[in-house]
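# A look at the structure
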Amino acid sequence: MRLAVTGASGRMGGEVLAAAADRAERVVLAVSSEPDAVGPTAVDADTEIVPDADLADALAAHEVDVLVDFTAPSALVDYAAACADAGVALVTGTTGLTDDHRGALADAADAVPVLHAPNFSKGVAVLTRLVGEAAGALADYDVELVEAHHDGKTDAPSGTALSLLDAVDDVRGESPRVHGREGEAPRAEDEVGVHAVRAGDVTGVHEVWLAGGREELRLTHRAESRRVFAEGALDAAAWLAGRDAGQYEFEAVLEVDA
Ligand SMILES: NC(=O)C1=CN([C@@H]2O[C@H](COP(=O)(O)OP(=O)(O)OC[C@H]3O[C@@H](n4cnc5c(N)ncnc54)[C@H](OP(=O)(O)O)[C@@H]3O)[C@@H](O)[C@H]2O)C=CC1
Ligand SMILES: O=C(O)C1=N[C@H](C(=O)O)C[C@H](O)C1
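Owing to the predicted nature of the structure, the values given are computational and were not obtained by experimental measurement.

Read across the sheet, five strands follow the order β8-β9-β7-β10-β11 without closing on themselves; strand pairing throughout is mixed. The open sheet has two edge strands with one neighbour each: β8 (177–179) and β11 (216–222). Neighbour-to-neighbour, the strand axes of this sheet turn through a mean angle of 15 degrees, independent of strand direction. In this structure, β8 lies alongside strand β9 (residues 192–198), joined through three bridges in parallel fashion. Looking across to β9, one finds that V178 is bridged to G193. Across the sheet, helix α5 (residues 122–137) lies against β10 (205–211) and β11, angled at about 165 degrees from β11, the strand it touches most. Along the sheet, helix α6 (residues 159–172) contacts β7 (142–149), β8, β9 and β10; its crossing angle with β7, the most-contacted strand, is approximately 165 degrees.

Structure representation (structure tokens):
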């Protein structure tokens, strides 16, 4: 499998490059909006560092099978279009997507296989199922979500938090989401509080509270290292290579793994 990795100078891009090297996976392109910021030691000797402006040509010239992306929504839209033009599968973990960004991914998926996941850890996949089960079984319990990330994260709530909230809505119907609280306002019975902490170098914590009058259940996932996301994305890339055009879910990759 011949891989390209975008956001090569970023936290996750760097982690994917390091994980791929440790797994002896072939990264032919490290793509960056600032190629000079990608240290030569970040990539293997046979990996070419290319500016993202040249992505479409580079994908075709290097016969890339899958592009792995952790960048920003505006960049992802351009990268998805380049993948569609070059016939390259796309695995992306970029969060903060609006409906327009999702529309651009759907357009790309008309031409190539596309897999987007807001979280590439196995633990969060299980957490999402557990949250749905708990929200259904404890239907009258208050739900609140707290997520914490490093001080460099720009989108809030996290993509994972949004998908956990969707899991609650799937079993309870759509609930009003209250982001933080201030001042006088009684808690509505069906509201779901959402709280985003940004501090230091926290890799990623998601905690869902379910509180009844006399007991409280908390379901918590704590990522200890970005490597867990990078490994999940590389597993997804191996699974996606050679598939038909269309949109795929990370859960399908994990089913094969189980
Ligand atoms: N799904 C998952 O499992 C995970 C998802 N994420 C998501 O991945 C994304 C990246 O996270 P992280 O690596 O921590 O972020 P960083 O800010 O560390 O890196 C993002 C990189 O994207 C590139 N980039 C290209 N265009 C833009 C742009 N317009 N604005 C900002 N960056 C741009 C830059 O690299 P360059 O200049 O080299 O192109 C930048 O360094 C986020 O959306 C985050 O939420 C993070 C962890 C896990
Ligand atoms: O930006 C991050 O760091 C992370 N982002 C993802 C998200 O928004 O859910 C996944 C993980 O929590 C780390």
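Attention shifts here to the sheet that holds strand β6 (residues 113–116). Ordered by their spatial adjacency, seven strands build an open sheet running β3-β2-β1-β4-β5-β6-β12, and the pairing between neighbours is parallel. Two strands lie at the open edges of the sheet, namely β3 (48–51) and β12 (246–248), each paired on one side alone. Across the sheet, the axes of successive neighbouring strands diverge by a mean angle of 20 degrees, strand direction being ignored. Pairing geometry for strand β4 (residues 66–69) and strand β5 (residues 89–92), over four bridges, is parallel. Within β5, the position partnered with V66 by the bridge is A89. Contacts from helix α3 (residues 73–86) reach β4 and β5 within the one sheet, and its direction differs from that of β5 by about 155 degrees. Sheet strands touched by helix α4 (residues 99–109): β5, β6 and β12. Its angle to β6, the strand with the most contacts, is close to 150 degrees.

It is worth spelling out the UniProt feature "binding site: (S)-2,3,4,5-tetrahydrodipicolinate" (unreviewed entry) in the protein chain at this point. Per the UniProt record, "binding site: (S)-2,3,4,5-tetrahydrodipicolinate" (unreviewed entry) is found at H150, G159 and T160. For H150, the position within the fold is in the loop between β7 and α6. You can call H150 buried: its relative accessible area is 9%. With near-sequence residues (within four places) excluded, H150 lies in contact with R11, R198, A199, G200, D201, V202, T203 and R226. Tracing the backbone through its elements, the reader meets G159 in helix α6.

Right, let's talk about the UniProt feature "active site" (unreviewed entry) in the protein chain for a bit. The feature "active site" (unreviewed entry), as given by UniProt, occupies H149 and K153 in the numbering adopted here. Position of H149 among the secondary structure elements: in strand β7. Overall, the relative accessible area of 8% leaves H149 in the buried class. Dropping the residues within four chain positions of it, H149 is found in contact with S158, V197, R198, A199, V202, T203, G204 and H206. A distance of 2.8 Å separates polar atoms of two side chains, one belonging to H149 and the other to E147. By secondary structure assignment, the location of K153 is in the loop between β7 and α6. Apart from residues lying up to four places away in sequence, K153 is in contact with T95, S158 and R198. Within the structure, the side chain of K153 is placed 3.5 Å from the side chain of T95, a separation counted as a polar contact.

Scoring rules and cut-offs
- Residues numbered from 1 in each chain as written.
- Chains lettered and ligands numbered in written order.
- Predicted model: local features only at pLDDT ≥ 70, side-chain atom pairs only at ≥ 80, totals over all residues.
- Heavy atoms only, no water.
- Pairing = 2+ DSSP bridges.
- Helix = DSSP H or I, 4+ residues; strand = E, 2+ residues; numbered from the N terminus.
- Axes fitted to C-alpha atoms, helices over the stretch in contact; angles between N-to-C directions.
- Contact = heavy atoms within 4.5 Å.
- UniProt positions renumbered as here; feature names shortened; annotations may be inferred.
- Buried < 20%, exposed > 50% of the residue type's maximum accessible area, 1.4 Å probe, protein only.
- Polar contact = N/O pair within 3.5 Å; in protein donor to acceptor, adjacent residues only side chain to side chain.

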